[in-house]
Amino acid sequence: MYRNMSGNEWERLNSVNIGVSVEESQEFYRTWADSYNKDCEKLGYTGPKKVATRVSELFSECERENIRILDVGAGTGLVAMELKKLGFECIHALEPSESMLLEAMKAGLYKKYFKEFLTESPTTIPAGSYDIITGCGIYGDDAHVPCEALLEMIRLIKPGGYIVLATRNELVQNNETYKHLEPLMDNIETNGKWKKVSRDVFPRFNLKKDGIMWCYQVL
Ligand SMILES: C[S@@+](CC[C@H](N)C(=O)[O-])C[C@H]1O[C@@H](n2cnc3c(N)ncnc32)[C@H](O)[C@@H]1O
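Residues numbered from 1 in each chain as written. Predicted model: local features only at pLDDT ≥ 70, side-chain atom pairs only at ≥ 80, totals over all residues. Heavy atoms only, no water.

**Thoughts on unusual backbone geometry**
Rule in force here: The numbering of helices and of strands both runs from the N terminus, where a helix is a DSSP run of H or I of at least 4 residues and a strand a run of E of at least 2.
Even without being glycine, R204 reaches a positive phi, approximately 65°. Mapping R204 onto the fold places it in the loop between β6 (194–202) and β7 (211–218).

**What to know about the site of the ligand**
Our working definition: Throughout this document, a residue counts as near a molecule or strand when at least one of its heavy atoms sits within 4 Å of that molecule or strand. The definition of a polar contact used here is a pair of N or O atoms within 3.5 Å, where within protein one atom must be able to donate a hydrogen and the other to accept one, and adjacent residues in sequence count solely through side-chain atom pairs. Values of accessible area rely on a 1.4 Å probe in the Shrake-Rupley scheme; residue burial ignores everything except the protein chains shown. Here the nonpolar group is Ala, Val, Leu, Ile, Met, Phe, Trp, Tyr, Cys and Pro; Asp, Glu, Lys and Arg are the charged ones; every other residue, Gly included, is treated as polar.
Taken together, 21 residues surround the ligand, and among them Y36, Y45, G73, E95 and C136 come closest. In this structure, Q26 approaches the ligand through a side-chain N or O atom, which is 3.1 Å from an oxygen atom. Relative to its unbound accessible surface of 590 Å², the ligand loses 97% to contact with the protein. Considering every element that reaches the shell around the ligand, the biggest residue donor is helix α2 (residues 22–42), with three residues. When the residues that make up the shell around the ligand are grouped by side-chain class, the tally is 14 nonpolar, six polar and one charged.

**Details of helix α5 (residues 98–106)**
For an α-helix, 3.6 residues make a turn, and residues three or four places apart therefore share a direction. The following threshold applies: For each residue, the accessible area found with a 1.4 Å probe, counting protein chains only, is set against the maximum for its type, and the residue is called buried under 20%, exposed over 50%, and partly exposed in between. It is the directions from the helix axis to the C-beta atoms whose arc is reported. Contact between two residues is taken to exist if any of their heavy atoms lie within 4.5 Å; hydrogens are not considered.
Looking at α5, one finds that the buried residues are M100, L101 and A104. Seen end-on, α5 carries its buried residues on one side only, within an arc spanning 95°. Away from the buried face of α5 by more than 90 degrees, exposed residues E98 and K106 are located. Contact partners of the buried residues in α5: α2, β2 (91–94) and β3 (112–114). G108 sits one or two positions beyond α5 and adopts a positive phi of about 60°.

The values are spatial; any link to function lies outside them.
Okay, structure coming up:
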C-alpha cells in the first residue's frame, strides 16, 4: 500500500514504494495529475530538461523538426515541453494514466497519444516507428515500467535510433526491482542489440536527489 497517498509533495516525488499494485500506482497518479506540474516546479525537478538537452545533442537544429520521438511514461508532458523549446515537433506520448494524459492534452504537447502501458509485451505500435525514445522518471515504485520493457523500446526504434532514459540514481543502486536494470542494459549490449553512447550521474534530478541518465544507440 502507498505510504504517501496524502503525503507532502517531497514524499510523492521521491517515493520508493515496495509491493504496490499497478492499480495503486495508477491511483496515485490520478490524484496527483492536476498538481503534478506545480509540485515538480517547486521541487526543482530537472529530469525533463536534462533528457531534452541530451536528445538535442544528437541532432542539428535543422534536423529536429522531423525527428520522430516517443515519450514513454509521458505523464503531463514535461519532457515534450522541453523538447519543443529545442525545436522538436513530432512527439508522441505513451502513458497509461488518463488523468496525466489529459493534462498533456490540455497543453497540446503531443501529436499523438497512446494510452497504454509499456511492458515486456508488444505495444500496439509497429516496430521501427521512431528515431528516439525518451523516458524520464519512469522507474519509480515496483509498478512502474519493468526493466524488461527495454526490449520493447528497442523494437520500436529504427536501426541507428536512440533511447534516452533518466531517473533517480538511488533507484538503480538500491531498489530490489531496478537494481536489475543496468545488468540488463549491459546484457543487451553484449547481445549486440544496442551500444552505450553515454551514462552520466548528475546532481539534482530534483532538489534532494541525484540523477542518472543513459543514452543508447540501437543497432
Ligand atoms: C514520475 S511520472 C514521470 C512523468 C514524466 N515523464 C515526467 O518526467 O514528468 C511516471 C509516469 O510513468 C507512468 N507509468 C507507470 N507505469 C508505466 C508503464 N508500465 N508504461 C508507461 N508509463 C508508465 C505513470 O503513469 C506516470 O505518469
